[in-house]
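Examining the three-dimensional arrangement
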Amino acid sequence: MAVQIAAASRSGLRSALPLLAPAYLWLTVAIFLPLSAMVFFSFMTDLPRSGKPWAFTLENYAAFFSQSLYLTLLVASLRLGLEVTLWCIVIGYPAAYVLAKVLKGRSREAIFLLVILPFWSNGLVRIFSWAMVLREGGILDTALNAVLPFKINIDLMYSYPAVIIGLVHSYVPYMVLTCYLTLQAIDDSLIEAGRSLGASRLQVLKRVIIPLSMPGLVAGAVLIFVPVVGSFMEPRILGGRTGTFYGTVIEDQFVAVFNWPLGAALSFILLAVVLVILAVTSPVLRRAA
Amino acid sequence: MATTRILEWLGRVYILMLLAFLYLPIIIMALMSFNVSPFYQLPFEWTTEWYASLWQNNQLIAATRNSVEIAVITTIICTALGTAASLGLYRYDFRGKKFLQALLFPPIAIPWLITGTAMLIFFFGVGIGRGLHAILLGHVALALPYVIVVVSARLQTFAPELEEAARSLGANQWQVTNRVTLPWIMPGVIAGGLFAFAVSFDQFVVSYFLSTPGQTTLPVEIYAAIRKGFTPEINAVSTIIIVVSMALMLLTARFFKFGGEK
């Protein structure tokens, strides 16, 4: 029996191979081999094709651990990721709840689409659009001064809050999407049962709704945290000189300083952090999917 | 009951505020592209000169052409390879299938900064180098998992008995696929294709690392322009991009509900 099944599954693979091979070969050449190559290069003194002699070394990783700058920046990026994720939960979760439990029918469908539509539009352009709002003499400045009786100068551009605002704007639709999917699946009768048994609204929220929607919350948090830790374009545009993070330093190694092996080591360390996060949260993620 | 109604009303107001947060910057950016002042100064005076000057900007036009070409080729390759792979994963059982499905996750989940720099190193190392061909190679790999996921989701709604019925009525494998399976999953294939187009057309990070001065895409050009300083011309081209990408996604939503409604 077991032999038969094994034989059947082997023939299954043989029939499936022509269909699968092109796609997976492409992924191998363009994703998996490059990621492996990055690990390899991170242990080198120089690129083999650069013409200069090269050798294996641990120097690049030594640089990370001996110079506190890189570790500080990695911590700063992790903190940025955490802050953005928390803001996305605070802003996105109530919105997901209203979408899933208050709005009905066509208006729900339309508003849901409106909320997640920006997420699929150009991220670079959306970050740029905040420059119009946040800079001195920008819309926020002008509008507040028109309303307020006293003169204030709002110049958030090139500051840490600007980076946070831009990133939250970019990623909050993700949180709304994942939380909406799990909230929608909660049976209304569970909420009604809790209420009719004498629980207050807050108790129902704490004991029923939040625990049941936890997979969506975690999925959203991971899907936001991971790319934010690796962000470089957003801090560059909105953060200016204050916008130096781990991602921007990696970018510099490749486009400005041209120390590729160090860049590879820094990238790989970031990848390791990301993989740990994904591995720890994967059981919850699988349940959410 | 009164409390419930007040809470529901507050909820609606909240959603409107969220929509304002999401759309106001984009709308302001678009408005500024029609403003006369090159320094974004108010009062607002209508002009289309920034759009007119886009037509004089050969660098931007060339980058736009590159972006569209790469997106179209990416779409064609991804729909073909992605649909085939989805069928392979759907039809056959074999050892390691779970693993192959899990392999689709890293390209989506790993930050593009890491993927992009890894591609740069590898392509340079093996002699593929940088340029439009490298960007295309990367875009297809980034978009493929999305296409496979979307088409596979559509395949879940397909009854395998239909293929068996067609086969028992004498259709060969090619006919079964062409006349039975493909027509059924077509909405998923179209949605997957549109996804692939959007992923490629909006892609910045990977293109940025793989581009060379003469061979860039539109987002890379825009990033370079933003870092030099803001001009209404950037607003104009950004407005065009955002309108195109939002229109694309609306179109996609017609073919594929984002798992939203039951």
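Quick caveat, the model's predicted, so the values are computed rather than measured. (Residues numbered from 1 in each chain as written. Chains lettered and ligands numbered in written order. Predicted model: local features only at pLDDT ≥ 70, side-chain atom pairs only at ≥ 80, totals over all residues. Heavy atoms only, no water.)

Attention shifts here to the packing of helix H3 (residues 68–102) of chain A against helix H10 (residues 214–229) of chain A. Residue and element names in this part refer to chain A. H10 packs onto H3 with a crossing angle of 140° between their chain directions and a minimal axis gap of 8 Å. H3 and H10 meet at a crossing whose hand is right-handed. Residues Ser77, Leu78, Leu80, Gly81, Leu82, Val84, Thr85, Cys88, Ile89 and Tyr93 of H3 touch H10, and the partners they reach there are Leu217, Ala221, Ile224, Phe225, Val228 and Val229. Taken together, the residues that form the contact of H3 with H10 break down as 13 nonpolar, three polar and no charged. (Axes fitted to C-alpha atoms, helices over the stretch in contact; angles between N-to-C directions. Helix = DSSP H or I, 4+ residues; strand = E, 2+ residues; numbered from the N terminus. Left-handed = near helix turned anticlockwise from the far one by under 90°. Contact = heavy atoms within 4.5 Å. Nonpolar A, V, L, I, M, F, W, Y, C, P; charged D, E, K, R; others polar.)

Here the focus is the packing of aromatic side chains. A full pass over the atoms with the stated rule returns 26 aromatic pairs over all chains. Measuring from centroid to centroid gives 6.4 Å for Phe64(A) and Tyr246(A), while their planes differ by 85°, and the two rings are edge-to-face. Taken together, the positions of Phe64(A) in helix H2 (residues 59–66) and Tyr246(A) in helix H12 (residues 246–255) put the pair 182 residues apart, joining distant regions of the chain. Each member of the pair Phe64(A) and Tyr246(A) is classed as buried. Through successive ring pairs, a cluster of aromatic residues spans Phe232(A), Phe254(A), Trp260(A), Phe124(B), Phe204(B), Tyr208(B), Phe209(B) and Tyr223(B). (Phe/Tyr/Trp six-rings, centres within 6.5 Å; stacked < 30°, edge-to-face > 60°. Buried < 20%, exposed > 50% of the residue type's maximum accessible area, 1.4 Å probe, protein only.)

Val84(A), Phe232(A), Tyr246(A) and Phe204(B) are the most contacted members of the largest nonpolar core, which has 173 residues in total. With 15 residues, the top contributor of residues to this core is helix H7 (residues 132–155) of chain B. Residue assignment places this core across two domains, with domain 1 (15–57) and domain 2 (67–288) of chain A each supplying three or more. Val84(A) has contacts with Ile164(A), Leu167(A), Val168(A), Ile224(A) and Val228(A), leaving out every residue within four places of it along the chain. Among the nonpolar cores identified, the runner-up in size contains seven residues, and Val226(A), Val274(A), Leu278(A) and Leu285(A) belong to it. (Core = buried A, V, L, I, M, F, W, Y, C linked by side-chain atoms within 4.5 Å. Domains from an automatic or database assignment.)

All names here are of chain B. Considering the arrangement of structural elements, one finds glycine 127 in the loop between helix H6 (112–126) and H7. Judged by its relative accessible area of 43%, glycine 127 falls in the partly exposed class. Through-space distance from the C-alpha of glycine 127 to that of arginine 179 is 43 Å; in sequence the pair is 52 residues apart.

Below, the discussion takes up the interface of chain A and chain B. With 92 residues of chain A at the interface, the matching set in chain B holds 93 residues. In this assembly, chain A packs against chain B so that about 8,200 Å² is buried in total across both faces, 81% of it on carbon and sulfur atoms. On inspection of chain A and its partner chain B, the count reaches one salt bridge. One salt bridge in this structure joins Glu251(A) and Arg227(B), with 3.6 Å as the shortest N-O distance. At the boundary of chain A and chain B, one finds twelve residue pairs in polar contact (both at pLDDT 80 or more). For the side of chain A that touches chain B, the element with the highest residue contribution is helix H1 (residues 2–41) of chain A, accounting for 24 residues. Of the residues in the side of chain A that touches chain B, the class split is 72 nonpolar, twelve polar and eight charged. (Buried area = accessible area lost by both parts, 1.4 Å probe. Salt bridge = Lys/Arg side-chain N within 4 Å of Asp/Glu carboxyl O. Polar contact = N/O pair within 3.5 Å; in protein donor to acceptor, adjacent residues only side chain to side chain.)

With that out of the way, let us pick up unusual backbone geometry. Residue and element names in this part refer to chain A. Positive phi, normally seen in glycine, also occurs at tyrosine 158, with a value near 60°. With relative accessibility at 44%, the residue tyrosine 158 sits in the partly exposed group. The phi angle at phenylalanine 258 is positive, at roughly 55°, despite the residue not being glycine. Summarising the element assignment, phenylalanine 258 is placed in the loop between H12 and helix H13 (260–288).

With that settled, the discussion passes to the domain arrangement of chain A. Residues and elements named next belong to chain A. According to the domain assignment, chain A contains domain 1 (15–57) and domain 2 (67–288). Taking both partners together, domain 1 and domain 2 bury about 620 Å²; carbon and sulfur atoms supply 87% of that area. Three residues, Met38, Ser42 and Leu47, lead the burial of domain 1 against domain 2; their summed loss comes to 62% of the area buried on that side. For the pair domain 1 and domain 2, the interface holds zero salt bridges. Taken together, the links from domain 1 to domain 2 amount to zero residue pairs in polar contact (both at pLDDT 80 or more). A class-by-class count of the residues in the side of domain 1 that touches domain 2 yields six nonpolar, two polar and one charged.

This part is about H6(B). In an α-helix, one turn spans 3.6 residues, which is why side chains three or four residues apart end up on the same side. Residues and elements named next belong to chain B. With 15 residues, H6 should reach 21 Å at 1.5 Å per residue; the first-to-last C-alpha distance of 21 Å fits that figure. Buried residues of H6: Leu113, Ile114, Thr115, Gly116, Thr117, Ala118, Met119, Leu120, Ile121, Phe122 and Phe123, and no others. Trailing H6 by a residue or two, glycine 127 shows a phi angle of about 90°, which is positive. (Expected span 1.5 Å × (residues − 1).)

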